[in-house]
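# Chains, contacts and geometry: an overview
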Amino acid sequence: MAAVRLLGVQHGSEFRGSARRRGVSAQMGDRATIPRCGGWFNRSFHFRVSSGPKDEFFIGVLSGTSVDAVDAALVRFSAQVELVATNTLPYPPELRAELLGLAVPGENEIERLGSADVSVGRHFAQAVNELLDFARIPRTQVRAIGSHGQTVRHRPRRAVPFTLQVGDPNVIAAATGVPVVADFRRKDMALGGQGAPLVPAFHAAIFASAEEARVVVNIGGIANITVLPLDPTVPV
């Protein structure tokens, strides 16, 4: 049997906590102290890449199943993928309570969903604007924002599977002045997937090896794995 190496990768709210964090390098390069709104984030991600866009900034923004806060990350793509700065913006208690309420069947759902869609979009935009102000990066230098939104229902195993996120990308784009890419999950489910298309692609691009098969553990609200075969012709 071919050797398989297990790689642990942690995403989402498990990285939150105190403003100062113990540095752990997950890269092939020197560790750097990364500025973070409200403190310092001593975790460096510098991945060497052989091709792709050069010297472009992107922002990723999401909130996980804990529904406690929005995380925004400013990333530079050049010869390496570099995490430049991050921001975590907690949800106001009343908005968090509404999002948790929308996760289960209840009264007047459509009206509440529409309001939450705009409110979460505004909150995501605030997290992005704070991040850009802190990092002193002009909005004109940011190619795009990738916004996952806040999942309120995810039902991939039903006879009629669906997934639903709130956080209107139009609101985010209008409030930040940066183009927004969103709605990542639904096409994957339409094609028969589980609605999680991005992390396996990232794992394949960064962790795939020509010398060994690897398994990447993604620890969030729900743990899942990505199997990266040694044979590049075998699907991830």
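The present account deals with the structure reproduced in this document. (Residues numbered from 1 in each chain as written. Predicted model: local features only at pLDDT ≥ 70, side-chain atom pairs only at ≥ 80, totals over all residues. Heavy atoms only, no water.)

Our next topic: the overall build of the protein. If you tally the helices and strands in the protein, you get 5 helices and 12 strands. Out of the 236 residues in the protein, the part that is buried amounts to 38%. Long-range contacts, defined as pairs at least 24 residues apart, comprise 56% of the intrachain contacts of the protein with a sequence gap of at least 6. If you sum the accessible surface of the protein, you get close to 13200 Å²; carbon and sulfur atoms cover 57% of it. (Helix = DSSP H or I, 4+ residues; strand = E, 2+ residues; numbered from the N terminus. Buried < 20%, exposed > 50% of the residue type's maximum accessible area, 1.4 Å probe, protein only. Contact = heavy atoms within 4.5 Å. Areas by Shrake-Rupley, 256 points an atom, 1.4 Å probe, with all protein chains shown as cover.)

Here we come to the layout of surface pockets. Its volume calculated, the second largest pocket comes out at about 210 Å³. Taken together, 15 residues make up the lining of the second largest pocket; nearest its centre are His148, Gln165, Val166, Pro169 and Asp183. Only β8 (142-155) and β9 (162-166) provide two or more residues apiece to the lining of the second largest pocket. With 4 residues, the single largest contributor to the lining of the second largest pocket is β9. (1 Å grid on protein atoms, 1.4 Å probe; cavity = no way out; pocket = protein on both sides within 12 Å on 5 of 7 lines; lining within 4 Å. Points joined across faces, edges and corners; volume = space filled by probe spheres on them.)

Our focus in this paragraph is the packing of helix α2 (residues 109-135) against helix α3 (residues 169-176). Look at α2 against α3: their axes get within 8 Å of each other, and the N-to-C directions meet at 35°. The hand of the α2/α3 crossing is right-handed. Residues Val118, Gly121, Arg122, Phe124, Ala125, Val128 and Asn129 of α2 touch α3, and the partners they reach there are Val171, Ile172, Ala175 and Thr176. Per-class residue counts for the contact of α2 with α3 are 7 nonpolar, 3 polar and 1 charged. (Axes fitted to C-alpha atoms, helices over the stretch in contact; angles between N-to-C directions. Left-handed = near helix turned anticlockwise from the far one by under 90°. Nonpolar A, V, L, I, M, F, W, Y, C, P; charged D, E, K, R; others polar.)

What follows concerns the side chain of Gln165. Following the sequence through the fold, Gln165 ends up in strand β9. Separated by 3.1 Å, the side chains of Gln165 and Thr151 make a polar contact. For Gln165, the side chain forms a polar contact with the side chain of Thr163, separated by 2.8 Å. Those residues in contact with Gln165, other than ones at most four positions away along the chain, are His148, Gly149, Gln150, Thr151 and Arg185. (Polar contact = N/O pair within 3.5 Å; in protein donor to acceptor, adjacent residues only side chain to side chain.)

The next thing to look at is the environment of Gly149. Tracing the sequence through the fold places Gly149 in strand β8. Here the alpha-carbon distance between Gly149 and Asp168, two residues 19 residues apart in the chain, equals 7.8 Å.

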